[in-house]
2 protein chains.
Amino acid sequence: MTNDHLGLFAGFLTSVAVLPQVVRTWRRKHAQDISIWQPLILITGMALWLAYGVLINDLPLIVANTFSIACYLLLLLLKIVYDRRERVGTTR
Amino acid sequence: MTNDHLGLFAGFLTSVAVLPQVVRTWRRKHAQDISIWQPLILITGMALWLAYGVLINDLPLIVANTFSIACYLLLLLLKIVYDRRERVGTTR
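As the structure is a computational prediction, the values presented were derived from the model and not from experiment. (Residues numbered from 1 in each chain as written. Chains lettered and ligands numbered in written order. Predicted model: local features only at pLDDT ≥ 70, side-chain atom pairs only at ≥ 80, totals over all residues. Heavy atoms only, no water.)

A. Just the environment of Leu 77 of chain B, in detail. All names here are of chain B. Within the secondary structure, Leu 77 is located in helix 4 (residues 59–91). With relative accessibility at 51%, the residue Leu 77 sits in the exposed group. Between the alpha carbons of Leu 77 and Pro 39 there is a distance of 10.0 Å; along the sequence they are 38 residues apart. (Helix = DSSP H or I, 4+ residues; strand = E, 2+ residues; numbered from the N terminus. Buried < 20%, exposed > 50% of the residue type's maximum accessible area, 1.4 Å probe, protein only.)

B. Expanded view of a nonpolar patch on the surface. A surface patch of nonpolar side chains, amounting to about 350 Å² of accessible area, comprises Ile 36, Trp 37, Leu 40 and Ile 80 of chain A. Residue placement: Ile 36 of chain A occurs in the loop between helix 2 (19–28) and helix 3 (37–55). (Patch = residues over 30% accessible without salt bridge, like charges linked within 9 Å, V, L, I, M, F, W, Y side chains within 5 Å. Areas by Shrake-Rupley, 256 points an atom, 1.4 Å probe, with all protein chains shown as cover. Salt bridge = Lys/Arg side-chain N within 4 Å of Asp/Glu carboxyl O.)

C. A look at empty space enclosed by the protein. Under the counting rule described, the total for this entry stands at one cavity of 30 Å³ or more. Here the largest cavity is characterised by a volume of approximately 90 Å³. Of all the secondary structure elements, the ones that give two or more residues to the lining of the largest cavity are helix 3 and helix 4 (59–91) of chain A together with helix 3 (37–55) and helix 4 of chain B. Considered class by class, the residues forming the lining of the largest cavity number eight nonpolar, four polar and no charged. (1 Å grid on protein atoms, 1.4 Å probe; cavity = no way out; pocket = protein on both sides within 12 Å on 5 of 7 lines; lining within 4 Å. Points joined across faces, edges and corners; volume = space filled by probe spheres on them. Nonpolar A, V, L, I, M, F, W, Y, C, P; charged D, E, K, R; others polar.)

D. Representation of the pattern of salt bridges in the model. In the structure shown here, the tally under the stated rule is four salt bridges over all chains. Here Asp 33 of chain B and Arg 28 of chain A are joined by a salt bridge, their closest N and O atoms 2.9 Å apart. Of this pair, Asp 33 of chain B sits in the loop between helix 2 (18–28) and helix 3 while Arg 28 of chain A sits in helix 2, each in a different chain. Notably, a salt bridge pairs Asp 83 of chain B with Lys 79 of chain B, separated by 2.6 Å at the nearest N-O pair. Of this pair, Asp 83 of chain B and Lys 79 of chain B both sit in helix 4, separated by four residues, roughly a single helical turn.

E. Just the relation of the copies chain B and chain A, in detail. Mapping chain B onto chain A calls for a screw motion: a turn of 180 degrees about the axis and a shift of 0.0 Å along it, with 0.0 Å RMSD after fitting. Put plainly, the chains are arranged around a two-fold axis. Among all residues of chain B, the minimum C-alpha distance to the rotation axis is found for Asp 33 of chain B, at 2.7 Å. (Least-squares fit on C-alpha atoms with pLDDT ≥ 70 in both.)

F. Up close: the confidence of the model for chain A. When the pLDDT values of chain A are averaged, the result is 91; 97% of them are 70 or greater. The secondary-structure element of chain A with the lowest mean pLDDT is helix 1 (residues 3–16) of chain A, recorded at 88, while helix 2 of chain A shows the highest, at 96. (pLDDT = per-residue confidence, 0-100.)

G. Highlighting the side chain of Asn 65 of chain A. All names here are of chain A. Its location among the elements puts Asn 65 in helix 4. Residue Asn 65 is classed as buried on the basis of its relative accessible area of 7%. At 2.8 Å, the side chain of Asn 65 and the backbone oxygen of Leu 61 are in polar contact. The residues touching Asn 65, leaving out its near neighbours within four places in the chain, are Met 46, Trp 49 and Leu 50. (Polar contact = N/O pair within 3.5 Å; in protein donor to acceptor, adjacent residues only side chain to side chain. Contact = heavy atoms within 4.5 Å.)

H. The arrangement of the interface of chain B and chain A in detail. Taken together, the contact between chain B and chain A spans 36 residues of the former and 36 residues of the latter. The largest per-residue losses of area from chain B upon contact with chain A belong to Leu 6, Asp 33 and Gln 38 of chain B, which jointly make up 21% of the total buried on that side. Linking chain B with chain A are two salt bridges. Inspection of the chain B/chain A interface yields 19 residue pairs in polar contact (both at pLDDT 80 or more). Secondary-structure elements contributing two or more residues to the side of chain B that touches chain A are helix 1 (3–16), helix 2, helix 3 and helix 4 of chain B. If one sorts the elements of the side of chain B that touches chain A by residue count, helix 3 of chain B sits on top with 12 residues. Of the residues assigned to the side of chain B that touches chain A, the class counts are 20 nonpolar, 11 polar and five charged. (Buried area = accessible area lost by both parts, 1.4 Å probe.)

In structure tokens form, the structure reads like this:
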């Protein structure tokens, strides 16, 4: 295995790692234990990685960060929806 | 701002993003909403990033991944401890 393959495999793993979290949140319809700051900071950071990737014209950086941003935006949306639904439920 | 600064700032943000999650889990003593697979896959992926960083002798990769691995190991430990505590609590 060359260094490049190692880096690509590492990038693949760190990119797909969010998927089980999205699935779990979707199934439980509950996200109170999840900090809203993690997706917010990550999305900001990955948007900068994406900008960096565009500037240095690096396709793997562009692809990986676009994919991860989409996943974390979905997680953020699920968290906001489920937290709000829960708040409405408790005040009734 | 040069490209390097942009990359370094992006890396800083994506590295520290896990901290609010560790703090939230520590405070709530509850982690059922968190998927155990996200930290497990991330730690594996970042260990490979670390190996890649050592192979190509890249200090930022080594520093950022060592820091993040430590944070995610702590989060994983908290999740295991709190989930187990909760299971023991329900079966009593």
